[in-house]
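Single-letter residue listing:
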Amino acid sequence: MTVNDRFITELYPSPCSSTSSSPFNSPLVHASPTVSPNLRPSYLLDLDDDDEWNPTILLLSRDAKKMRRISSASAVTLATIREEEDIAISSNFQLYIVSPFASIQYIVMALSGLSASSTVPSRAVHSSPSPSPYEQFIPEGPVACPICDLSCVSLQQLNRHIDDAHTLYAEGSGEDDDDDDDILNPVKTWFKAAQKKVMLPLKDKNTNFARFSSGLLDPHLMSNFSNNLQLSSQQAPVQVLPEADQVTKAHWQPDRPNATCHHPGCRKALGRSGVGKRHCYKCGQLYCDQHVQFTMRLDRQAEHDPYEGIWCPVCQSCFTSQEGYNDHEGTTRDRTTLFLKGRTKTMDRVHLEENRLEKRMERLARIHALQDVDSPTSSPVPSGRLSPAMQAKRTHPNPPSHDAPRSLMHRASSSSVSLLGLRKNFRDAERTVVGWEEDANVIVCPIDGAKFSFSNRKHHCRLCGRVVCGQPTCSSEVPLYLDMSIEGMDAEPVGYTRICTDCQRSVFRRKMAHDDMVRPPPVVGLYHRLVRRKEDVEKELPVFQQALAMLEKGDVQNQTHDDFKRAAQTRKDLLSSFAQLDSLSKTIGNLKKPNSPSYQHLHQNIHIATTQWLQEHMSALRMVPHILKPAKPSPDVASPEKIQAQQQLDILNEQYTQVQEFITDATKKRKFDDVKNLRRNLAELESEIERVKALVAS
Amino acid sequence: MDVVKAVQGYVLKMVDDLRGMKVLLLDVDTTSIVSLVATQSQLLAKECYLIDRIDNKNRDRMRHLKCVCFLRPTAQSIQWLVEELRNPCYGDYYLHFSNTLKKSTIERLAEVDEHEVVREVQEYFGDYMAINSDLFSLNLHPPQYQLYSESLATWNANTLERTVQGLSAALLSLKKKPVIRYERNSALCQKLAAELRYHIQQEGQLYDFRRADTPPILLILDRRNDPVTPLLTQWIYQAMVHELIGIHNGRVDMSNVPDIQSELKEIVLSADQDPFFKKCMYLNLGDLGANIKAYVDKYQNKTKSNMHIESIADMKRFVEEYPEFRKLSGNVSKHVAVVGELSRKVTQYHLLEVSELEQSLANSEHHGDDLKHLQQLIATPAVPEETKLRLVMLYALRYEKSPNNATRSLKDLLAKNGVSDRRSSVIDAVIRYAGEKQRQDDLFSNQSFLSRGRSALKGLKGVENVYTQHTPHLAETIEQLLKNRLRDTSFPFIDGGEVTREKPQDVIIFMVGGTTFEEAKYIAQLNATTPGTRFVLGGTCVHNSTSFLTDVVNADNLIRGIV
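What counts, and at which threshold
Residues numbered from 1 in each chain as written. Chains lettered and ligands numbered in written order. Predicted model: local features only at pLDDT ≥ 70, side-chain atom pairs only at ≥ 80, totals over all residues. Helix = DSSP H or I, 4+ residues; strand = E, 2+ residues; numbered from the N terminus. Buried ≥ 20, exposed ≤ 12 C-beta atoms within 10 Å, placed from the backbone. Contact = placed C-beta atoms within 7 Å. Pairing = 2+ DSSP bridges. Expected span 1.5 Å × (residues − 1). UniProt positions renumbered as here; feature names shortened; annotations may be inferred. Axes fitted to C-alpha atoms, helices over the stretch in contact; angles between N-to-C directions. Parallel < 35°, antiparallel > 145°, perpendicular 65-115°, else oblique. Left-handed = near helix turned anticlockwise from the far one by under 90°. Core = buried A, V, L, I, M, F, W, Y, C linked by C-beta atoms within 7 Å. Nonpolar A, V, L, I, M, F, W, Y, C, P; charged D, E, K, R; others polar. Bend = angle between axes of the 7 residues up to and from the residue. pLDDT = per-residue confidence, 0-100.

Peer 1: Provide a residue-level description of the overall build of chain A, including the pertinent values.
Peer 2: For chain A, the count of helices and strands is 21 helices and 17 strands. Each of the 698 residues in chain A was classed as buried or not, and the buried ones make up 31%. Of the contacts made within chain A by residues no fewer than 6 positions apart, 59% connect residues no fewer than 24 positions apart.

Structural data, given as structure tokens:
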């Protein structure tokens, strides 16, 4: 443990080692000046010269000077500690302070694990309030009883409460258990002696110090001390605090004489002069001073507790591994539900509208079909529905392709030029489907806002009746189908009519989405294959590496033929996968899609990404031959030289292609120095390949 | 507390969760946000094969691609998105917004998604430029974003909104719900603090984070309290590049550099992707030179070993190392070009001499010597006008209240040396903008007898490097904060917000009116040397002297009623 503990051990080797099982260290600090050189200079120990084991009262504070004065006045042992050390000390001393000074008596219990920032107050007891420099120890407002947590208005009241409520408890427990009584008695007498000594200069008559303090002593805790007390065969100063307010030290690493700092890379020998020795409160490991510079709040189980925890010094790894410390994932908020709620409403509306427009569309189609039939070229048709045979018979001036309707829409009215005469006939019938907006009321196109003029004619949308302009972005001629389901639209249209783009979007919404998904561009299929290959490789590669590792580990002689073969087979598979990937990505890279820069870009980027991926993954494979070489001299069908040569050839060929790639790449980037180098390389490779080839052939 | 990782995390999460071919659709703002933290190859590796702008009207229909959108929820972007959804180019849409969405916006989008293409709507709070791991900027530059509206005490409403959004996004991405403090004398800081507190209250659910041991602190400062830092010549790599060439969104425009190779016309400086830059970004020019030399040597060694290929093993090694080698060669030539340009400018503009005087003006009281030195430099024709003006500004700021103040005669001297009155009016402008009356603390430690004594003592300690002895004013503020001595009277907590007295563990500093790379370097140093406390610095922008003086002139025009 810390300095003080060690120093006790030096004085009383046997008793202390026997108490090491106790979670509490001996609170006994009494040393002759000869020992003090062992102490770190930052610890100032003022010791009572009295060689007798008098009750020792420790006063612990951050203010060294103040405390010294008290000590000279009352001859109590005093430890003054530098500000940042007081935690270390208090944790070893289990403190309890009695400070007689002038006519005031303070009983201050400094709780162990006392944080640097909090001044004792919440548990301080003080009998007569008076202005003093020690007001920092006087709690303001109500205080809580340290035993039962009853809150008292003033310290006097707390005193009385302790008298009434807890004196019996201590005595009672003493009667219950003889051992405890034995222990309690010396303690009590000790406190009485201490009190007498302390009280001498005091006129105050009304302290219940002894009873109070004995009341504090939990019999259970006391038993921990029995050994210590008896072995020291003296009345040792013992004071224990309720465990409630200290961070456990049960998990602390025991102090070894040649301990080193646990911080990775530090390994400083601890306990030497200049190198402090401290525990991390959380993990319990020993560290040097520099590596316990962090503080965090811990609860009694030494677990992180940001709410109620006590500030404790901890090591870097405990500090940085606290939850959320290295959390780089930012906050996100999902608004999808809200969005979907809104969209359901939209879709209800859209579907309604769609149905309505589709109905109109079908009515229009029927009108067209009938009119068509009425025209001289065709025979009459009984109903709006046309048989496929009929449709086939009818020849449209410009046979509509099975292209997406979009393309048809944009192909202005050319298809219906010859139908001009017919169109007039449709008009009246078409108006029955939906009422047309009055021409005179409309000055600008509602879609693009263009003014109507002689060149910018007014058109009516046959589905909603609005007046729109004839720009392809506003309205266009679309094919009419008798059946508006997706399959129905595969049939030949019965005619063409003009509708606005808004209506087009609604009416062909499903059809458009369907068409796009049905006929995927070639890249989709290729990419799908690419991804599958990649997945294969990603699955195979670790298997292969494992096999290699095994081959490497196993004795070359004992290695079975099968293992080797399997590894070689996997490697071959992988190589072919890589080759396929490469060719696939090249195919994608070379795909042509005229007039579509986006697709070109897509193809090229897939190619680049795959090349990157290959470079990354193939490097693992490249290392193989090194390892496989020693494994090779297995009794094989072919001569070992030949296999070796064959393998070498494989590698060389592989490298040959790679260098070639580098060259093209470098040329593209105009790095001619590199190219020169590479070319030399290539030439060397070539000659090497020739040589090996000859070897294989022989 | 790493802003780069936070934003990077957002971007990679967007593309990571989704399998298959993807296109990433960005808007004006998010393009620069993403480009700072992610490279194309990173995105390619995540099957993100196309990156496009939502305002690009010439995109092809590619219904087989999934579309990941990352947009700032501005009116403009939402409008583009509405049009996109009306006539979708891609199959599925995964919408991500860089800030909170209004409910009405979500409803509007739901209304137009007739093709049912939207699969997800998310808020990812990467709404700022993450420059270094501990430095972010909102890139608010005039003319689009003016800082002030009617007077220097009122925000431009648009800029304020953007600042609140950016700063709150930074907090959310770092998962911090801070205690807010601000510089008392600055109305802008106070307003921003109040707006931010209001925002945090409104969006209480979002700010429901794991409790820290002590609440994080957001300290809002005003550039006007330290006009000196952005006026100084810089010697730290990153700061120097920004001062002498300019870094915009992580890119350095080298096209004005004489005899530059075409592939080095625009280069990227990113600590995240360039280990050499990461190592050297906070080194001064001297140390940087040594490092560059070592780097070049390393490169030459590699080249040599690549030249001597004698065995198959050599060949194999060559093939394996070649891609890495190529990367190295690109990086070497990049840094050599930048550092070459920097040292060229240093000699050309006599920057060493200038900087010595600057540091003296910024750090100590030597009126007589400084004045003489200054007069000499003004008379030197090789020193550019801007530099002369900066020096006189530093002089005017330090000796503003000195009885021997000779600013007037210096201005005459400037005029004699061909600096027009219009240009030298910036000297008065900077005094009006951030003169002693406008500042809160004793910036030069020369206002009282006591502080003068203190600064004299500081001078006795000696300095390591004459050119980098200046520490930004920010340093003093943070030092006090760490010692728990930052006074409530000068740096109050925002009304109605939380208050803390404990030593902070996480500190976010935000500089209204722009921060500098010198301050960023200080923060980085602090992060490295202060165990248990982490800092992040942000600002409405990152200034060099040019951009700072533009702000000063704009503000001054406002004060004098010239718009």
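Peer 1: Describe the sheet that holds strand S11 (residues 251-253) of chain B, with residues and values.
Peer 2: Residues and elements named next belong to chain B. Reading across from one edge, S10-S11-S12 is the order of the three strands in this open sheet, with antiparallel pairing throughout. Looking along the sheet, the strands with just one partner apiece sit at the ends: strand S10 (247-248) and strand S12 (266-268). One ladder, built from three bridges, connects S11 with S12; its direction is antiparallel. Its bridge partner being in S12, Val252 is matched across the sheet by Ile267.

Peer 1: Could you give me a rundown of helix H20 (residues 545-559) of chain B, with the residues and numbers involved?
Peer 2: Residues and elements named next belong to chain B. Here H20 contains 15 residues, and its C-alpha end-to-end distance of 21 Å stays within 8% of the 21 Å for a straight helix at 1.5 Å per residue. Along its buried surface, H20 packs onto helix H8 (237-244), helix H14 (385-398), helix H16 (421-434) and strand S16 (542-543). Backbone geometry just after H20 places Gly561 at a positive phi near 80 degrees.

Peer 1: Before we move on, could you go through the UniProt feature "coiled-coil region" (unreviewed entry) in chain A and cite the residues and values that matter?
Peer 2: The feature "coiled-coil region" (unreviewed entry), as annotated in UniProt, sits at residues 668-695 of chain A in this numbering. Summarising residues 668-695 of chain A: 89% helix, 0% strand, and an end-to-end C-alpha distance of 36 Å.

Peer 1: Provide a residue-level description of the packing of H14(B) against H16(B), including the pertinent values.
Peer 2: Residue and element names in this part refer to chain B. As a packed pair, H14 and H16 sit with axes 9 Å apart at the nearest point and diverge in direction by 30 degrees. Between H14 and H16, the angle is such that the two are roughly parallel. Relative to H16, H14 is oriented so that their crossing is right-handed. Judged by residue contacts, Glu385, Leu389, Val392, Met393, Ala396 and Leu397 of H14 engage Arg423, Ser424, Val426, Ile427, Val430 and Ile431 from H16.

Peer 1: Hey, could you go over unusual backbone geometry for me, with residue numbers and the actual values?
Peer 2: Residues and elements named next belong to chain B. With an omega dihedral of 5 degrees, the bond running from Pro142 to Pro143 counts as a cis peptide bond. Positioned with a positive phi, Asn139 is a non-glycine residue whose angle comes to about 55 degrees. Under the C-beta neighbour-count criterion, Asn139 is labelled buried, with 23 such atoms within 10 Å. Unusually for a residue other than glycine, Asp259 sits at a positive phi of about 55 degrees. Within the secondary structure, Asp259 sits in the loop between S11 and S12.

Peer 1: Talk me through the nonpolar core; I want residue IDs and the actual numbers.
Peer 2: Among soluble globular proteins, nonpolar side chains are generally buried collectively. Residues and elements named next belong to chain B. Among the nonpolar cores identified, the biggest contains 131 residues, and Leu24, Cys69, Ala130, Ile220 and Ile509 are the most heavily contacted of them. With eight residues, helix H1 (residues 3-16) is the single largest residue contributor to this core. Each residue touching Ala130, except ones within four places of it in the same chain, is listed here: Val3, Val4, Ala6, Val7, Leu36, Val37 and Phe136.

Peer 1: Any chance you could break down the interface of chain B and chain A for me, citing the residues and the numbers?
Peer 2: Listed as interface residues are 55 residues of chain B and, on the opposing side, 58 residues of chain A. If one sorts the elements of the side of chain B that touches chain A by residue count, helix H11 (residues 312-348) of chain B sits on top with eight residues. Its residues placed into classes, the side of chain B that touches chain A shows 28 nonpolar, nine polar and 18 charged. Across three bridges, the pairing between strand S13 (residues 332-334) of chain A and strand S5 (residues 118-124) of chain B is antiparallel. Following the sheet pairing, Asp334(A) is matched in S5(B) by Gln122(B).

Peer 1: Run through H16(B), naming residues and quoting values.
Peer 2: Residue and element names in this part refer to chain B. Over its 14 residues, H16 extends 20 Å from the first C-alpha to the last, a length consistent with the 20 Å expected when each residue adds 1.5 Å. Most pronounced at Asp428, the bend in H16 amounts to some 25 degrees. When H16 is considered as a whole, its buried residues turn out to be Ser424, Val426, Ile427, Ala429, Val430, Ile431, Tyr433 and Ala434. Contacts made by the buried residues of H16 are with H14, helix H15 (407-416) and H20.

Peer 1: I'd like a description of the sheet that holds strand S6 (residues 129-132) of chain B, backed by residues and values.
Peer 2: Residues and elements named next belong to chain B. With mixed pairing, six strands are arranged side by side in an open sheet as S6-S7-S15-S13-S9-S8. Two strands in the sheet have a free side with no partner beyond their single neighbour: S6 and strand S8 (179-182). Pairs of neighbouring strands in the sheet enclose a mean axial angle of 25 degrees, with direction left out of account.

Peer 1: Could you give me a rundown of the pairing of strand S12 (residues 310-314) of chain A, with the residues and numbers involved?
Peer 2: Residues and elements named next belong to chain A. By the criterion of burial, S12 is predominantly enclosed, with five of the five residues buried. Direction of pairing for strand S11 (residues 294-298) relative to S12: antiparallel, over a ladder of five bridges. When the sheet's bridge partners are listed, Leu298 is paired in S12 with Ile310.

Peer 1: Hey, could you go over the environment of Val82(B) for me, with residue numbers and the actual values?
Peer 2: Residue and element names in this part refer to chain B. Counting through the fold element by element, Val82 comes out in helix H4 (residues 75-86). Of the residues examined, Val82 has 15 C-beta atoms within 10 Å and is grouped as partly exposed. Other than its neighbours up to four places away in sequence, Val82 contacts Arg108, Leu109 and Val112.

Peer 1: Please provide a residue-by-residue account of the confidence of the model for chain A, values included.
Peer 2: Across chain A, the average pLDDT comes to 64, with 51% of residues at 70 or higher. Contacts for the low-pLDDT stretch residues 201-244 of chain A, under 50 throughout, to residues beyond four places or in other chains number 102 contacts.

Peer 1: Any chance you could break down the pairing of strand S17 (residues 495-500) of chain A for me, citing the residues and the numbers?
Peer 2: All names here are of chain A. With six of six residues buried, S17 lies mostly within the body of the structure. In this sheet, S17 lies alongside strand S16 (residues 475-480) in antiparallel orientation, the contact comprising six bridges. Among the inter-strand pairings, Ser476 is bridged to a residue of S17, identified as Ile499.

Peer 1: Describe the confidence of the model for chain B, with residues and values.
Peer 2: Summary statistics for chain B give a mean pLDDT of 88 and a share of 96% for residues scoring 70 or more. Overall fold confidence (pTM) sits at 0.70, and the ipTM for the predicted complex is 0.86.

Peer 1: For the environment of Ala406(B), give the residues involved together with the corresponding values.
Peer 2: Residue and element names in this part refer to chain B. The topology assignment puts Ala406 in the loop between H14 and H15. By the C-beta count within 10 Å, which is 18 here, Ala406 ends up partly exposed. Sequence-wise, Ala406 and Leu371 are 35 residues apart; in three dimensions their C-alpha atoms are separated by 8.1 Å.

Peer 1: I'd love a proper account of the packing of H1(B) against helix H2 (residues 28-37) of chain B, names of residues and values included.
Peer 2: Residues and elements named next belong to chain B. Contact geometry of H1 with H2 gives a least axis separation of 9 Å together with a crossing angle of 110 degrees. As the angle between them shows, H1 and H2 are arranged roughly perpendicular. Each of Val4, Val7, Gln8 and Val11 in H1 lies in contact with H2, whose residues at this interface are Ile33, Val34 and Val37. Across the contact of H1 with H2, the residue classes tally to six nonpolar, one polar and no charged.

Peer 1: So what about the environment of Met1(B)? Which residues, and what values?
Peer 2: All names here are of chain B. Within the fold, Met1 resides in the segment before H1. Of the residues examined, Met1 has 23 C-beta atoms within 10 Å and is grouped as buried. C-alpha of Met1 to C-alpha of Asp506: the two residues are 505 residues apart in sequence and 7.9 Å apart in space. Excluding its chain neighbours within four sequence positions, the residues that come into contact with Met1 are Leu174, Asp506, Arg534 and Val536.

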